[in-house]
Amino acid sequence: MGRPVERGSGDASGSAAQPELPPGQRLQRGWPVTHYGPVPKFRPERWEFRVFGATADGGKHCWTHEEFTSQPYTTVLADLHCVTKYSMLGAEWGGIPARAILEIAPPAPQVTHVMVWAEYGFSSNLRLADFASERTLFATHKDGELLTAEHGFPLRLVVPHLYAWKGPKWVRGVEYMTADRRGFWEERGYHNVGDPWKEQRYSYQEEPGDGPEL
Ligand SMILES: Nc1nc2c(c(=O)[nH]1)N[C@H]1C(S)=C(S)[C@@H](COP(=O)(O)O)O[C@H]1N2
Ligand SMILES: [Mo]
């Protein structure tokens, strides 16, 4: 689901291949900047990445910027779908897989969700399975280049199978949770799960089990 497919093949036969755009999305050329609030200034000496909450060992795990970014680097090819209806296709994101963090700082067995925290208290909640997807990445690069400040430098989360607001820019940590709680946009009318292929845009579309009561 949600993987980029080959484009421009001129195949108009109506095959059953996955369409390249989720329903209701239009193609965006270039890379716009979309976020709430100001762009934070990166101060390496004050930056740390924290994993806290219901960890397996009950403790907090912290990394400096240098420690975090010296972990094994991988790339993931993924599209970005903004809930405001544009999609940017075929970006190559580079960084550290979320799974690596789950391995180094494992969650307690009761953990079902995570809250991903960013600068200025921005947050987004994810089901543990979405966070643990092998394509979920803490990105430092796009198309081989370091992220720019407005696109989330030094670190942003990319969750390829969900709308882009599920991927905070300027990430600073992850909270392991034993129950679901809404993040910043999820508290403000956006869908708790946010699957673009199911067009889960707004919280009024939620079905029982999709999220905590509003
Ligand atoms: N910290 C933070 N991250 C954020 C947001 C935000 O408001 N704050 N907006 C999200 C939304 S709605 C989108 S579409 C993408 C946009 O990423 P871009 O500006 O790099 O295109 O960032 C996401 N990450
Ligand atoms: Mo967005």
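Residues numbered from 1 in each chain as written. Chains lettered and ligands numbered in written order. Predicted model: local features only at pLDDT ≥ 70, side-chain atom pairs only at ≥ 80, totals over all residues. Heavy atoms only, no water.

Undergrad: Before we move on, can you summarise the environment of Met115 with the specific residues and values?
TA: Positionally, Met115 belongs in strand S6 (residues 113-118). Each C-alpha atom of the pair Met115 and Gly30 lies 30 Å from the other, and the pair is 85 residues apart in sequence. For Met115, the residues in contact, after removing those within four places along its chain, are Ser123, Ser124, Asn125, Gly173, Val174, Glu175, Met177, Arg181, Arg182 and Gly183. (Helix = DSSP H or I, 4+ residues; strand = E, 2+ residues; numbered from the N terminus. Contact = heavy atoms within 4.5 Å.)

Undergrad: Which residues make up the environment of His61, and what values go with them?
TA: Note on placement: His61 falls in strand S3 (residues 61-64). Residue His61 is classed as buried on the basis of its relative accessible area of 17%. The spatial distance from the C-alpha of His61 to the C-alpha of Ile104 is 9.0 Å, given a sequence separation of 43 residues. Apart from the residues lying within four places of it in its own chain, the contact partners of His61 are Phe49, Arg50, Val51, Thr55, Ile104 and Ala105. Within the structure, His61 has its side chain in polar contact with the side chain of Asp57 (distance 3.2 Å). (Buried < 20%, exposed > 50% of the residue type's maximum accessible area, 1.4 Å probe, protein only. Polar contact = N/O pair within 3.5 Å; in protein donor to acceptor, adjacent residues only side chain to side chain.)

Undergrad: Pulling in residues and values, what's your account of the site of ligand 1?
TA: Inspection of the region around ligand 1 gives 18 residues, with Thr34, Tyr36, His151, Arg156 and Lys169 positioned closest. Separating an oxygen atom of ligand 1 from a backbone N or O atom of Pro32 is a distance of 3.0 Å. Between ligand 1 and the protein, one listed contact pairs an oxygen atom with a side-chain N or O atom of Lys169 at 2.5 Å. Residue composition of the shell around ligand 1, grouped by class: 12 nonpolar, four polar and two charged. (Near = heavy atom within 4 Å. Nonpolar A, V, L, I, M, F, W, Y, C, P; charged D, E, K, R; others polar.)

Undergrad: How would you summarise the UniProt feature "domain: Oxidoreductase molybdopterin-binding" (unreviewed entry) in the protein chain if you had to cite specific residues and measurements?
TA: Per the UniProt record, "domain: Oxidoreductase molybdopterin-binding" (unreviewed entry) is annotated on residues 37-185. Annotated as 11% helix and 40% strand, the span residues 37-185 places its first and last C-alpha atoms 13 Å apart. (UniProt positions renumbered as here; feature names shortened; annotations may be inferred.)

Undergrad: Explain the pattern of salt bridges to me, using residue names and the numbers behind them.
TA: It is possible for side chains bearing opposite charge to pair when their charged atoms get close. Here the structure, examined in full by the defined rule, presents eight salt bridges. A salt bridge links Arg172 to Glu119; its shortest N-O distance comes to 2.9 Å. Highlighted residues: Arg172 in strand S11 (residues 171-177) and Glu119 in the loop between S6 and strand S7 (123-127), separated in sequence by 53 residues. Note on Glu119: relative accessible area 23%, which makes it partly exposed. A salt bridge links Glu206 to Arg182; the shortest N-O distance between them is 2.8 Å. Residue Glu206 is found in the segment after S11, and its partner Arg182 is found in the segment after S11; the two are separated by 24 residues along the sequence. (Salt bridge = Lys/Arg side-chain N within 4 Å of Asp/Glu carboxyl O.)

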